[in-house]
Amino acid sequence: MTHAVVLGASMGGLLAARALAGVYDRVTVVERDALPADVGHRRGVPQDRHFHTILRRGAQVLDQMFPGLTNDLVAAGAQRVGFLDEARFVLSGHELARVVTGASDIQATRPMLEGAVRARVANHPGVRIVPGCDVAGPIVDRGRVTGVRVVLDGADGVLEADLVVDAMGRYGRARAWLTAMGFDTPDEDRIDVDMMYVSRLVRLVEPFRDKLVLVGPVPGRPSGLAFAAQEDDRWMVTVVGMAGDHPPTDEAAYAAFVERAAPPDVHDAIVTAEPLGPFRSHRFPASLRRRYERLRRFPPGLLVFGDALCSFNPIYGQGMTVAALEAEALRRCLRDGEHDLALKFFRAAAGITDPAWQLNAVADLALPEIDGRRTPSTRVLNRYVARLHRVAAHDPVVAGAFARTIGLIDPPSSLTRPGVLARVIVGGLRRR
Ligand SMILES: Cc1cc2nc3c(=O)[nH]c(=O)nc-3n(C[C@H](O)[C@H](O)[C@H](O)COP(=O)(O)OP(=O)(O)OC[C@H]3O[C@@H](n4cnc5c(N)ncnc54)[C@H](O)[C@@H]3O)c2cc1C
């Protein structure tokens, strides 16, 4: 009987477990938190109080893994929102043209999204989720990881495994384990964004015409917001500030902070809405990417997955979609058996991460307030994207190309394909 153990039952761990199910006879997912029966908040996922979107690409992969999932979510109240017909994007200070693009997202509270995925994984034959189980360390035998030591209900235990997957998030333990085992640790790419999220669910006093409004930061105002319809007739208001420009949580100062970024109708809707709970804050110091794919040696029996590999700036809403794509890649890698599995998987995951990371880096480094090395090509791209946003305010083709790229449907290179490039250059000249 083959056995895989996944560490962490958040979205990353659940999706990894789905990829492993059927390949290993048994898959055990261990999670430190007690898990809510369906939709509750929990300590191990503090981000679950804040806006969480599943991009169209992620929704497609989730539906392949769990047929009917997104329709079931929508039937239960989640919102499927078309970019840019039902969603308003204000980027680099320009409201993008309204057009049907084929890109969309699924919007619901994070506990609802995670609860739906967890229920399906838990029902999968051969999968067992063990809550209240703290991972203490690896078991190593002659350079191979052969299991983990855990603490369950206060008692020490051992889980032997053919494969152990670290899906414990950005503070995952794999790097420390590598050091203890005498392996090199991966290089880390890092963008210090010094960001704060402040979120609150509200009920609107009047109907609102869009289902999502996203306002991105601009040079001189490194803050923005997401105003998003959710299940049960609620709206998530998430306000973010980068480079230390953090949103306040007393009502008057908060309203003034919102006003700096929000279009007037959005500001009015937010300040007149009925709050359904207190403000919740979440600090996000830096985006982190660990370059496991560059390691020459890695212990057999171990994998790293999800945010433990790369923790993206959350304002771009990519983490869960990338985890879904990684699960798809893991499944493909497993077709060739376990030989060199980790390095094959890390290379595949790097190919998924690259475009998303590049998009983020270009956007983050467009803000002079964010520290970081800007190569000449970063500067050229920053100017190009700012101009693209300006043109996209009036050109639906350009707006559509951008929406599909940030929806992770098309690669970033599609923003410079001839049909778009020419429109950005010519449109940019005209608008001047
Ligand atoms: C503020 C914010 C907003 C975000 N918004 C979006 C969004 O809109 N769209 C999107 O796609 N992504 C978003 N993300 C990212 C998304 O939340 C993650 O990518 C996603 O949860 C996958 O992460 P993960 O499962 O790898 O790690 P995590 O979600 O961090 O989960 C790690 C899990 O490991 C468990 N764990 C940790 N230590 C132990 C231990 N010792 N023993 C047992 N279990 C342990 C934790 O309890 C937790 O359940 C956002 C992130 C943040 C911070």
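Residues numbered from 1 in each chain as written. Predicted model: local features only at pLDDT ≥ 70, side-chain atom pairs only at ≥ 80, totals over all residues. Heavy atoms only, no water.

Draft legend 1. Quick look at the domain arrangement of the protein. Segmentation of the protein into domains returns domain 1 (3-39 + 117-188 + 286-353), domain 2 (82-101 + 190-285) and domain 3 (363-431). If you average the C-alpha positions of domain 1 and of domain 2, the two centres end up 33 Å apart. On the domain 2 side, the residues contacting the ten residues of domain 1 number eleven residues. Of the roughly 870 Å² buried between domain 1 and domain 2 on both sides combined, carbon and sulfur atoms contribute 64%. The largest per-residue losses of area from domain 1 upon contact with domain 2 belong to Ala286, Pro314 and Ile315, which jointly make up 55% of the total buried on that side. Viewed at the interface, domain 2 and domain 1 are joined by zero salt bridges. Between the two partners, domain 1 and domain 2, sit three residue pairs in polar contact (both at pLDDT 80 or more). It is strand 18 (residues 280-290) that contributes the most residues to the side of domain 1 that touches domain 2, three residues altogether. (Domains from an automatic or database assignment. Contact = heavy atoms within 4.5 Å. Buried area = accessible area lost by both parts, 1.4 Å probe. Salt bridge = Lys/Arg side-chain N within 4 Å of Asp/Glu carboxyl O. Polar contact = N/O pair within 3.5 Å; in protein donor to acceptor, adjacent residues only side chain to side chain. Helix = DSSP H or I, 4+ residues; strand = E, 2+ residues; numbered from the N terminus.)

Draft legend 2. Inspection of the sheet that holds strand 2 (residues 26-30) at higher detail. As summarised here, the arrangement of the five strands in space is 8-2-1-12-19, forming an open sheet in which the pairing is parallel. With one partner strand each, in any of the chains shown, strand 8 (127-130) and strand 19 (302-304) form the two edges of the open sheet. The mean inter-strand angle of the sheet, taken between neighbouring strand axes irrespective of direction, is 20°. As paired elements, strand 2 and strand 8 share four bridges and run parallel to each other. Following the sheet pairing, Val29 is matched in strand 8 by Ile129. Sheet strands in contact with helix 1 (residues 11-20) are strand 1 (3-7), strand 2, strand 8 and strand 12 (163-166), and its direction is about 165° off that of strand 1. (Pairing = 2+ DSSP bridges. Axes fitted to C-alpha atoms, helices over the stretch in contact; angles between N-to-C directions.)

Draft legend 3. Representation of the environment of Ala401. Structurally, Ala401 can be placed in helix 11 (residues 396-406). Taking C-alpha positions, Ala401 is 22 Å from Asn313, a pair spaced 88 residues apart along the chain. Excluding its chain neighbours within four sequence positions, the residues that come into contact with Ala401 are Leu415 and Val420.

Draft legend 4. Summary view of a nonpolar patch on the surface. A surface patch of nonpolar side chains, about 320 Å² in accessible area, is lined by Leu421, Ile425, Val426 and Leu429. Within the element layout of this structure, Leu429 appears in helix 12 (residues 418-431). Classification of Leu429 as exposed rests on a relative accessible area of 53%. (Patch = residues over 30% accessible without salt bridge, like charges linked within 9 Å, V, L, I, M, F, W, Y side chains within 5 Å. Areas by Shrake-Rupley, 256 points an atom, 1.4 Å probe, with all protein chains shown as cover. Buried < 20%, exposed > 50% of the residue type's maximum accessible area, 1.4 Å probe, protein only.)

Draft legend 5. The sheet that holds strand 11 (residues 155-160), seen in detail. Taken in spatial order, the three strands line up as 9-10-11 in an open sheet, and their pairing is antiparallel. A single partner strand is all that each edge strand has here, and the edge strands are strand 9 (133-141) and strand 11. Taken over all neighbouring pairs, the strand axes of this sheet differ in orientation by 30° on average, direction set aside. With eight bridges joining them, strand 9 and strand 10 (residues 144-152) adopt antiparallel strand pairing. Note that in strand 10 the partner of Val140 across the bridge is Val145.

Draft legend 6. Fine view of the site of the ligand. Taken together, the neighbourhood of the ligand is formed by 32 residues, with Ser10, Gly12, Glu31, Asp307 and Met320 sitting nearest. Within the contact set of the ligand, an oxygen atom lies 2.7 Å away from a side-chain nitrogen or oxygen of Asp307. Take Met320: an N or O atom from its main chain is 2.6 Å from an oxygen atom of the ligand. Contact with the protein chains covers 95% of the free accessible surface of the ligand, which is 1,000 Å². Of all the elements in the fold, those that place two or more residues in the shell around the ligand are helix 1, strand 9 and helix 8 (319-334). (Near = heavy atom within 4 Å.)

Draft legend 7. The layout of surface pockets, seen in detail. In this model, the second largest pocket occupies a volume close to 300 Å³. Only helix 4 (110-122) and strand 13 (188-203) provide two or more residues apiece to the lining of the second largest pocket. Of the residues belonging to the lining of the second largest pocket, the class tally is seven nonpolar, five polar and seven charged. (1 Å grid on protein atoms, 1.4 Å probe; cavity = no way out; pocket = protein on both sides within 12 Å on 5 of 7 lines; lining within 4 Å. Points joined across faces, edges and corners; volume = space filled by probe spheres on them. Nonpolar A, V, L, I, M, F, W, Y, C, P; charged D, E, K, R; others polar.)

Draft legend 8. The arrangement of the packing of helix 6 (residues 251-261) against helix 7 (residues 264-272) in detail. Orientation of helix 6 relative to helix 7, taken along the N-to-C sense of each, is 160°, at an axis distance of 9 Å. Taken together, helix 6 and helix 7 sit at an angle that is classed as roughly antiparallel. Read as a crossing pair, helix 6 and helix 7 show a hand that is right-handed. Contacts from Tyr254, Ala255, Val258 and Glu259 of helix 6 reach helix 7 at His267, Ile270 and Val271. (Parallel < 35°, antiparallel > 145°, perpendicular 65-115°, else oblique. Left-handed = near helix turned anticlockwise from the far one by under 90°.)

Draft legend 9. Representation of the environment of Arg144 in the model. Relative to the helices and strands, Arg144 is located in strand 10. Judged by its relative accessible area of 30%, Arg144 is partly exposed. Taking the C-alpha atoms as reference, Arg144 lies 40 Å from Thr375; in sequence the two are 231 residues apart. Here Asp162 takes part through its backbone oxygen, which lies 3.0 Å from a polar atom of the side chain of Arg144.

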